[in-house]
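What follows is each chain in one-letter form.
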Amino acid sequence: MTFRTRFAPSPTGPLHLGHAYSALVADRDAKAAGGECLLRIEDIDQSRSRPQWEAQIYQDLVWLGLSWPHPVMRQSNRTAAYHKALAKLDAMGLTYTCTCRRADIEAAAGAPQEGVPQFGPDGRIYPGTCRQQNHTGSGAIRLNVEKALRGLDTLTFTEVGNLHYGPHLIGKDMFLREIGDIILVRRGMAASYHLSVVVDDADQGITQVTRGADLWEATQIHVLLQALLGLPTPTYHHHDLIRDETGKRLAKRDDARAIAKYREDGATPEDVRRLVGF
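Throughout this description, residue numbers start from 1 for each chain and increase along the sequence as written. Only residues with pLDDT of at least 70 are given local features in this predicted model, and only at 80 or more are side-chain atom pairs given and counted; all residues enter the totals for whole chains, interfaces and linings. For side-chain calculations, the full set of non-hydrogen atoms in the structure is used, while hydrogens and water are omitted.

We now examine the overall build of the chain. When helices and strands are counted, the chain shows 10 helices and 12 strands. Per-residue burial for the chain yields a buried fraction of 50% across its 278 residues. For the chain, restricting intrachain contacts to residue pairs at least 6 apart in sequence, the fraction spanning at least 24 positions comes to 80%. In this description, accessible areas are obtained by the Shrake-Rupley approach with a 1.4 Å probe, and a residue is regarded as covered only by the protein chains that are shown. Accessible surface for the chain amounts to roughly 13,800 Å². Of this, 49% is attributable to carbon and sulfur atoms. Only runs of H or I of at least four residues qualify as helices and only runs of E of at least two qualify as strands under DSSP, and these elements are numbered from the N terminus. The buried label applies to any residue whose accessible area, calculated with a 1.4 Å probe on protein chains only, is under 20% of its type's maximum; exposed applies above 50%, and partly exposed to all values in between. Only heavy atoms enter the contact rule, under which two residues are in contact if any of them lie within 4.5 Å.

So, in structure tokens, the structure goes:
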């Protein structure tokens, strides 16, 4: 099997040093394995994605000395694939429409209890308010996680990054307690991040998912969706994050550390590579 990983940025702002590091890690791993690193544009959120940011992604990566196979997959062209996956889950009786707003979820969650998590990798843990209400029409679409876990065999995945190296068993009780009913489709979007990346990784034949450690907790959601949809589970490499002087991880609002800013200030690709440890 050909080794295949990917770098999958969202065109919602400038790429920063953290993106440079992630792209370079993926490229390094692909070359070491004699495989390839794909580029995917995760523009599923059309309300925030901008053509100019997508164009700058290509410019920044080429400037860094990176290349990728063509054509590039863009999530905005993938609605039919996401609807097909959603229809499969719906036919299994695992989905429901949720009309709750954020304030409704916070009110339903009630007062925090000591030792009981309030937030997970999908945000505030949803208390299942709409699960039995048979809503139709507009709203988010959620996965009935309790029902989805019934009859599934043990869920496992393998991590090859230094942070959590080794095989991992996903506890079903933990899933119910610390994640809850995840969103499959958000209002105004073709799919949620979780559903779209699982479908995209399978369709692109990704054998290793390379991404930052901030997405470590989301992996259990993706492994569950892979099992439900009959998709292969790749290995995962969650790498360290690039942080600022205070230890805070970089975000797209950190324009001072944008790759384009370094370019404008006269830095070379080698300068940026050294800044992120390459």
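This next bit is on the pattern of salt bridges. It is possible for side chains bearing opposite charge to pair when their charged atoms get close. Salt bridges are defined as contacts in which a side-chain nitrogen from Lys or Arg sits within 4 Å of a carboxyl oxygen from Asp or Glu. In total, this model carries 17 salt bridges according to the counting rule given. In this structure, Asp-27 engages Lys-31 in a salt bridge whose closest nitrogen and oxygen atoms are separated by 3.2 Å. One end of the pair, Asp-27, and the other, Lys-31, are both in helix 1 (residues 17-32), 4 residues apart, so they sit about a helical turn from each other. With relative accessibility at 13%, the residue Asp-27 sits in the buried group. Overall, the relative accessible area of 61% leaves Lys-31 in the exposed class. For Asp-60, the salt bridge identified is with Arg-263, shortest N-O distance 2.4 Å. Within this pair, whereas Asp-60 is found in helix 2 (residues 51-63), its partner Arg-263 is found in helix 9 (residues 259-264), the two being separated by 203 residues in sequence. Residues joined by salt bridges that share partners form a network here, namely Arg-6, Arg-40, Glu-42, Arg-78, Asp-200, Asp-201 and Asp-203.

Two strands pair under a simple rule: DSSP has to find at least two bridges between them. Reading across the sheet, the 3 strands line up as 4-7-10 and stay open at both edges, with antiparallel pairing between neighbours. The strands lining the two open edges of the sheet, one partner per strand, are strand 4 (95-98) and strand 10 (183-185). On average, each strand axis in the sheet is tilted by 45° relative to the strand beside it, whichever way the strands run. Pairing of strand 4 with strand 7 (residues 140-143) involves 4 bridges; the strand directions are antiparallel. Pairing of Thr-97 across the sheet is with Ile-141, part of strand 7. Axis definition: a line fit to C-alpha positions, over the contact stretch in the case of helices; interaxial angles, taken between N-to-C directions, run 0 to 180 degrees.

Turning to the pairing of strand 2 (residues 36-41), a few remarks are in order. The buried count for strand 2 comes to 5 of 6 residues, which makes it a mostly enclosed element. Where strand 1 (residues 4-7) lies against strand 2, 4 bridges are found, and the strand directions are parallel. Bridged to Arg-6 within strand 2 is Leu-38. Place the viewer so that the strands point away; then a crossover is right-handed whenever the path from the first strand over the helix to the second strand goes clockwise. Once the chain exits strand 1 it traverses helix 1 before rejoining the sheet at strand 2, and the crossover so formed is right-handed. By the bridge criterion, 2 bridges tie strand 2 to strand 3 (residues 73-74) in an arrangement that is parallel. Residue pairing in the sheet places Arg-40 in a bridge with Met-73 of strand 3. In this fold, the crossover linking strand 2 to strand 3 by way of helix 2 has right-handed handedness.

The next subject is the packing of aromatic side chains. Only Phe, Tyr and Trp rings take part, Trp by its six-membered ring, and two of them pair if their centres are within 6.5 Å. Stacked means planes under 30 degrees apart, edge-to-face means over 60, and tilted covers everything else. The tally for this structure, following the rule as stated, stands at 4 aromatic pairs. A ring pair is formed by Tyr-21 and Phe-278, whose centres lie 5.8 Å apart and whose planes are at 65°; its orientation type is edge-to-face. Pair noted here: Tyr-21 is in helix 1 and Phe-278 is in the segment after helix 10 (269-275), with a separation of 257 residues, a long-range link. A residue is classified by how much of its surface remains accessible, and Tyr-21, at 14% relative accessible area, is buried. The class of Phe-278 is partly exposed, set by a relative accessible area of 31%. Three or more aromatic residues joined by ring pairs make a cluster, and in this case those are Phe-157, Trp-216 and Tyr-236. Placement of a positive charge over a ring is assigned whenever Lys NZ or Arg CZ falls within 6 Å of the ring centre and within 35 degrees of the normal to the ring plane. Lying over the aromatic face of Tyr-126, Arg-142 brings its terminal NZ or CZ to 3.8 Å of the ring centre.

Turning our attention to the state of the cysteines. Disulfides are defined as cysteine sulfur pairs within 2.5 Å. Counted by the stated rule, this structure contains 0 disulfides. In this model Cys-98 remains outside any disulfide bridge; the closest cysteine sulfur is found in Cys-100, 4.0 Å from its own. Cys-130 takes part in no disulfide bond, and the closest cysteine sulfur to it belongs to Cys-100, at a distance of 3.6 Å. In this structure Cys-130 comes out as buried when scored by relative accessible area, which is 2%.

Within strand 11 (residues 208-212), 5 of the 5 residues are buried, leaving the element largely enclosed by the surrounding structure. One ladder, built from 5 bridges, connects strand 11 with strand 12 (residues 235-239); its direction is parallel. Counted as the bridge partner of Gly-212 is His-239 from strand 12. The parallel pair strand 11 and strand 12, bridged by helix 8 (residues 219-229), forms a crossover whose chirality is right-handed.

Our focus in this paragraph is the sheet that holds strand 3. Taken in spatial order, the 3 strands make up an open sheet running 1-2-3, and their pairing is parallel. The two strands at the open ends of the sheet, each matched to only one other strand, are strand 1 and strand 3. Sheet contacts for helix 2: strand 1, strand 2 and strand 3; angle to strand 2, the most-contacted strand, approximately 155°.

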